[in-house]
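Given next are the chains, with one letter for each unit.
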Amino acid sequence: METYLKLNIVEDREQIYSKRVRAGKRTYFFDVRSTRSNDYYLTITESRRHPQGDGFTYEKHKMFLYKEDFDKFVEALKEAVDHVKTELMPEVDFSQFESKGDEVDVVGESDLKWD
């Protein structure tokens, strides 16, 4: 029960900025939120759509990234992606996967919003 209450409190924090990246059946949300003490953190959410009956259900996974970890996280992500591109799959032209303008939205520039 305590975990549920903590999640609800976090969801109520003010959202400052949000970027949505659509990727097939997955959508990624990068949300900047503020704390009560006017500090900022990032939530990264993966939402996966699954068919159910006449509609869909959504499975969500969320990560919290705090300012003290921003640089370490970005560096590790870049190193991992570079390793895949240069060591594991050097023959793949990754530019073919570059995002199209309609797959990335900044909330506020679109009618769609994350709940």
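Going by the structure above, here's the rest.
Calculation criteria
- Residues numbered from 1 in each chain as written.
- Predicted model: local features only at pLDDT ≥ 70, side-chain atom pairs only at ≥ 80, totals over all residues.
- Heavy atoms only, no water.
- Helix = DSSP H or I, 4+ residues; strand = E, 2+ residues; numbered from the N terminus.
- Buried < 20%, exposed > 50% of the residue type's maximum accessible area, 1.4 Å probe, protein only.
- Areas by Shrake-Rupley, 256 points an atom, 1.4 Å probe, with all protein chains shown as cover.
- Patch = residues over 30% accessible without salt bridge, like charges linked within 9 Å, V, L, I, M, F, W, Y side chains within 5 Å.
- Salt bridge = Lys/Arg side-chain N within 4 Å of Asp/Glu carboxyl O.
- Pairing = 2+ DSSP bridges.
- Polar contact = N/O pair within 3.5 Å; in protein donor to acceptor, adjacent residues only side chain to side chain.
- Phe/Tyr/Trp six-rings, centres within 6.5 Å; stacked < 30°, edge-to-face > 60°.
- Lys NZ or Arg CZ within 6 Å of the ring centre and 35° of its normal.

Undergrad: Sorry if this is basic, but what is going on with the overall build of the chain here?
TA: Helix and strand content of the chain: two helices and five strands. Secondary structure of the chain in N-to-C order comes out as α-β-β-β-β-α-β. In the chain, buried positions account for 17% of the 115 residues. Summed over its atoms, the accessible surface of the chain is roughly 9,100 Å², and 53% of this surface lies on carbon and sulfur atoms.

Undergrad: What's the story with a nonpolar patch on the surface in this structure? I'm lost.
TA: A contiguous nonpolar patch, built from Ile16, Tyr17 and Tyr40 and spanning about 290 Å² of accessible area, is present on the exposed surface. Looking at the secondary structure, you find Tyr17 in strand β1 (residues 15-23).

Undergrad: What should I look at first to understand the pairing of strand β4 (residues 55-66) in this one?
TA: Consecutive side chains of a regular strand alternate in pointing toward one face of the sheet and then the other. Bridge count between strand β3 (residues 40-52) and β4: twelve bridges; the pairing is antiparallel. Each residue of the ladder has a partner; that of Glu46, found in β4, is His61. Here β3 hands over to β4 after two residues, with Gly53 in that stretch at a positive phi of 60 degrees.

Undergrad: I tried to follow the pattern of salt bridges on my own but got confused; where do I start?
TA: It is possible for side chains bearing opposite charge to pair when their charged atoms get close. Summed over the entire model, instances satisfying the criterion amount to four salt bridges. Taking the shortest distance from any N to any O, the salt bridge between Lys67 and Asp39 comes out at 2.8 Å. One end of the pair, Lys67, is in the loop between β4 and α2 (70-88); the other, Asp39, is in the loop between β2 (26-34) and β3, with 28 residues separating them in the sequence. A salt bridge links Lys78 to Asp82; the nearest nitrogen and oxygen atoms lie 2.7 Å apart. Of this pair, Lys78 and Asp82 are both found in helix α2, four residues apart, which corresponds to roughly one turn of the helix.

Undergrad: Whenever I open this one, unusual backbone geometry confuses me. Can you help?
TA: Both trends apply: most residues other than glycine have a negative phi, and most peptide bonds are in trans. Phi angles above zero are rare outside glycine, and Asn38 is one such case at about 60 degrees. Secondary-structure assignment places Asn38 in the loop between β2 and β3. Taking relative accessible area as the criterion, Asn38 reaches 62% and is therefore assigned exposed.

Undergrad: How should I be thinking about the side chain of Ser18 in this particular structure?
TA: Tracing the backbone shows Ser18 in strand β1. A distance of 2.4 Å separates polar atoms of two side chains, one belonging to Ser18 and the other to Asp31.

Undergrad: How should the packing of aromatic side chains be read in this particular structure?
TA: Here a ring pair, both rings aromatic, is described through the centre-centre distance and the interplanar angle of the planes. Counting across every chain of the model gives three aromatic pairs. Taking the centre distance of 6.2 Å and the plane angle of 35 degrees together, the rings of Tyr41 and Phe64 count as tilted. Pair noted here: Tyr41 is in strand β3 and Phe64 is in strand β4, with a separation of 23 residues, a long-range link. Consider the rings of Tyr41 and Tyr66, whose centres lie 5.8 Å apart with planes at 35 degrees: the pair is tilted. Here Tyr66 lies in strand β4 and Tyr41 lies in strand β3, a separation of 25 residues in the sequence. Looking at Tyr41, the relative accessible area reads 5%, which means it is buried. Here the guanidinium or amino end of Arg49 rests over the ring plane of Phe56, the centre of that ring lying 4.6 Å away.

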